[in-house]
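Descriptive analysis of the structure
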Amino acid sequence: MAVLSCCMKWSFGCKGWREGKVQGYQEKKRQEKKLLEEEEDFSLSSEKDAHASDSDENLERGNWSNKADYLLSMVGYAVGLGNVWRFPYLTYQNGGGAFLIPYTLMLALAGLPLFFMECSLGQFASLGPISVWRILPLFQGVGVTMVIISTFVAIYYNVIIAYALYYLFASFQKVLPWSDCFSWADEFCSKTRLISDCNATLNGEIIHANYSFITSNNLTCINDTINYKPVQFPSEQYWNKVALQRSSGLDETGNIVWYLALCLLLSWMIVAAALFKGIKSSGKVVYFTALFPYVILLILLVRGATLEGALDGIEYYIGKESNITKLMEAEVWKDAATQIFYSLSVAWGGLVALSSYNKFHNNCYSDAIFVCVTNCLTSVFAGFAIFSVLGHMAFVLERPVSEVVDSGFDLAFVAYPEALSKLPVSPLWSFLFFFMLLLLGLDSQFATIETLTTTIQDIYPQMMKKLRIPITLGVCILLFFLGLICVTQAGIYWVNLIDHFCAGWGILIAAVLEIIGIVYIYGGNRFIEDIEMMIGKKSCFFWMWWRMCWFFLTPVLLVAILVWSLVTFSTPTYGSVLYPAWGTAVGWCMIIFCVIWIPIVAVVKICKAEGNICQRIVSCCRPTANWGPYLECHRGERYSHVVNPQKEKEHEIPTVSAFTYFRE
């Protein structure tokens, strides 16, 4: 008992010492901050940074107000449009319920390990996706690639949000404008299938004739001989002719569609308003934007489940139509891996940026598991809401579900709106659906823009502290103007082109280099020790799975997906429209511009280092002198010799001798 009592006293004493050290450091920083504020004149440039508050652990960068802000922001970032318009279709296409087997395995083997790594990396250093590469200067170009790709994605992603806004406003009508073939429709528009020709019996003989002849002679078509005219749903023609005013191809740019441009402006205004105080404001907005979509999904599911034919749709999605033999096809496993990879938003830089505002001892391990599981369950849940309504649509049209289901833009803006138009009080259901798409898109967009502003903050901290609002507003205005090409009559082709190139290989290349750099060059065991400084010491058994994934399984899977994507590359198309050669060339230029910074930055770092070529490469493969926990009170014995990050520029490369403190 005496020993136990001594141990408890020692434990509480250590805890009190650590808390006292943190509080003392915070009090010192508060006093320094107060003196600086008293010395500065009252002006715009000396306003207090709303990004940080006196209650924060990190008074320079700021922290999340509470853990719920962070978790909801992460869930909002991970759960996006793809969970609604891509996952349900992939599940249906790849064997229904059987698809959940490779999907779950890929979550455990590829998605979660990389997600946990990025969350830990950002939280440990309290730095964004570029500056965090103080851990491995040679690979800092990987962070640059992540930020540039996020910039491209932010441009076109807000255009999709603008589409949702347009349809949201169009839903405020007694009769939905795409519910029938109105004045904008052509002769191919029809709510039902139109018979072109068929076989019939005339005077005891079987003849083949067009349908007008059949009806004029009061004949009846023989079953299984009917040919239908190529017709389009009203919602499809409304999407192409009215909403997009789509041109014939990328060559025909046409005019800016003014109402889409206004919707794009409004979407950027919403983003700027939510981020004007950084995480302090966006962390509050996500309480609504991240949670309310679940309420809408539940409402749509309950409504869909009460419709005739809903069960048929769900059977196609995940019921008796499931095909376990599909698991023998390599394409199914590739689809599962890519869906997990892109759905969790790993290697975009956003996970590192959002996690960098955590307190140092936050349990990033449990956070990663919670967000990943929530993301995957949301995808499955959304599928029930989607397929129940599509099943009813197939029932009304007397078609199989396979003929009405689709993915991507065609699901969100054609198939599902068409299904909703057939429901009683259709404007209400349409409003709820597009409001859900709006919220899902905004969450992801908030985190993407926060990635860009965090990068600016790390490079120019004092400027960002003084001019956060003007800089955030400037970023949004710049991206709005860059996105105007995507709201021309050829805008949908540009959106598809950017998505086809930038949101594919670039992210895979960044992910592969990220995990190789951290695990094989910086050191996987060393990185685990860094994590244990935050979440506490863990057993060897605890780390066994993560070591197995980080050292072997995850890199192999990522390389396999990358190689598969390169081998199976096909030129981009939008529906049946082929892209011109110059359009494909522009796509290649975009992806090259994204990844070219990896070798460029590596060469620059080597040139700035000291010593012969071997010494320079070796020095660039080791952490900089200012790598470590951001706050001095968290560095402990392992990082006691770290140069103060505020005094050492992050791009400087120390000499080889400077790394004696960092040897394992």
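Just so you know, these numbers come straight off a predicted model, no measurement behind them. Per chain, residue numbering runs from 1 following the sequence as it is written. For this predicted model, a pLDDT threshold of at least 70 governs which residues receive local features, and a threshold of 80 or more governs which side-chain atom pairs are given and counted, while totals over whole chains, interfaces and linings are taken from all residues. Based on all heavy atoms of the structure, the side-chain values leave hydrogens and waters out of the count.

1. Section: the packing of aromatic side chains
Short version of the rule: Ring pairs are drawn from Phe, Tyr and Trp, using the six-membered ring of Trp, whenever the two centres fall within 6.5 Å, and their geometry is named by plane angle: stacked under 30 degrees, edge-to-face over 60, tilted for the rest. Per the convention used, a helix needs a DSSP run of H or I reaching at least four residues, while a strand needs a run of E reaching at least two, with both numbered from the N terminus. Between buried and exposed lies partly exposed: a residue is buried under 20% and exposed over 50% of the maximum accessible area for its type, with that area taken using a 1.4 Å probe on protein chains only. For a Lys NZ or an Arg CZ to count as sitting over a ring, it must be within 6 Å of the ring centre and within 35 degrees of the ring normal.
Enumeration over the complete set of coordinates arrives at 67 aromatic pairs. Between the aromatic rings of Phe116 and Trp543, the centroid separation amounts to 6.4 Å while the plane-to-plane angle is 10°, which identifies the pairing as stacked. In this pair, Phe116 sits in helix 5 (residues 100-125) while Trp543 sits in helix 22 (residues 540-567), placing the two residues 427 residues apart along the sequence. A relative accessible area of 0% means that Phe116 is categorised as buried. A centroid spacing of 5.8 Å and a plane angle of 45° characterise the contact between Phe124 and Phe360, whose relative ring orientation is tilted. Of this pair, Phe124 sits in helix 5 while Phe360 sits in the loop between helix 14 (350-355) and helix 15 (364-397), and the two are 236 residues apart along the sequence. Across this residue pair, the class does not change: Phe124 and Phe360 are buried. Against the face of Phe542 rests Lys538, its NZ or CZ located 5.6 Å from the ring centre.

2. Examining the sheet that holds strand 1 (residues 195-202)
The line we're drawing: By definition, two strands form a pair when at least two bridges between them are found by DSSP.
With antiparallel pairing, three strands are arranged side by side in an open sheet as 2-1-3. Each edge of the open sheet carries a strand with a single partner, namely strand 2 (205-210) and strand 3 (227-228). Bridge count between strand 1 and strand 2: six bridges; the pairing is antiparallel. Looking across to strand 2, one finds that Asn199 is bridged to His208.

3. Quick word on the UniProt feature "binding site: Na(+)" (unreviewed entry) in the chain
Put simply, the rule is: UniProt positions are given in the numbering used here, feature names are shortened, and annotations may be inferred rather than shown by experiment. Put simply, the grid is 1 Å and covers the protein atoms alone, a cavity is a trapped set of points that fit a 1.4 Å probe, a pocket is an open set with protein on both sides within 12 Å along at least five of seven lines, and lining residues have an atom within 4 Å of a point. Contacts are assigned to residue pairs that have any heavy atoms within 4.5 Å of one another. Polar contact is defined as a pair of N or O atoms within 3.5 Å, subject to the rule that within protein one atom must be able to donate a hydrogen and the other to accept it, and that residues adjacent in sequence are counted only when both atoms are side-chain atoms.
Using the residue numbers shown here, the UniProt feature "binding site: Na(+)" (unreviewed entry) corresponds to Gly76, Ala78, Val79, Asn83, Ser343, Asn375, Leu440, Asp443 and Ser444. For this annotated set, covering 369 residues, all C-alpha atoms fall within 13.4 Å of each other, a compact arrangement in space. Narrowing the list just given to those that line the largest cavity leaves Asp443. In this fold, Leu440 is placed in helix 17 (residues 426-459). Along the chain, the position of Ser444 falls in helix 17. Given the relative accessible area of 7%, Ser444 is considered buried. What Ser444 contacts, discounting residues up to four positions off in sequence, is Gly76, Tyr77, Val79, Gly80 and Tyr157. At 3.3 Å, the side chain of Ser444 forms a polar contact with the backbone oxygen of Gly76.

4. Regarding empty space enclosed by the protein
Put simply, the rule reads: Grid points are joined across faces, edges and corners, and a volume is the space filled by probe spheres set on the points.
The tally for this structure, following the rule as stated, stands at three cavities of 30 Å³ or more. Computed from the structure, the largest cavity encloses a volume of approximately 60 Å³. Together, Trp64, Ser73, Leu275, Ser282, Val286, Leu354, Asp443, Phe446, Ala447 and Glu450 line the largest cavity. Counting only elements with at least two residues in the lining of the largest cavity, the list comes to helix 10 (279-289) and helix 17.

5. Digging into the pattern of salt bridges
Selection criterion: Within this document, salt bridges are pairs made up of a side-chain nitrogen of Lys or Arg and a carboxyl oxygen of Asp or Glu, the two lying within 4 Å of each other.
Taken as a whole and judged by the stated rule, the model has ten salt bridges. Ionic pairing is found between Lys284 and Asp69, a salt bridge with its closest N-O pair at 3.1 Å. With Lys284 in helix 10 and Asp69 in helix 2 (residues 67-78), this pair connects stretches of sequence that are 215 residues apart. The exposure class assigned to Lys284 is partly exposed, which follows from its relative accessible area of 41%. According to the relative accessible area criterion, Asp69 is buried, its value standing at 0%. Residue Arg638 pairs with Glu529 through a salt bridge whose shortest N-O separation is 3.4 Å. Of the two residues, Arg638 sits in the segment after helix 25 (613-620) while Glu529 sits in helix 21 (residues 505-535), which places them 109 residues apart along the sequence.

6. So, the packing of helix 6 (residues 140-170) against helix 20 (residues 491-501)
In helix packing, the relevant descriptors are the interaxial angle and the interaxial distance, both defined with respect to the helix axes. In plain terms, the rule: Note on definitions: angles span 0 to 180 degrees between N-to-C directions of axes, and those axes are lines fitted to C-alpha atoms, for helices only across the stretch in contact. By definition in this entry, angles of less than 35 degrees are roughly parallel, angles greater than 145 are roughly antiparallel, angles of 65 to 115 are roughly perpendicular, and the rest are oblique. Should the near helix be turned anticlockwise from the far one by less than a right angle, the crossing is left-handed, and should it be turned clockwise, the crossing is right-handed. Think of it as three bins: nonpolar holds Ala, Val, Leu, Ile, Met, Phe, Trp, Tyr, Cys and Pro, charged holds Asp, Glu, Lys and Arg, and polar takes everything else, Gly as well.
It is the contact of helix 6 with helix 20, at a shortest axis distance of 10 Å, that shows an interaxial angle of 135°. Taken together, the axes of helix 6 and helix 20 lie oblique to each other. Here helix 6 runs over helix 20; the crossing is left-handed. Contacts from Phe152, Tyr156, Val159, Ile160 and Tyr163 in helix 6 reach Gly491, Ile492, Val495, Ile498 and Asp499 in helix 20. Class assignment of the residues belonging to the contact of helix 6 with helix 20 gives a composition of eight nonpolar, one polar and one charged.

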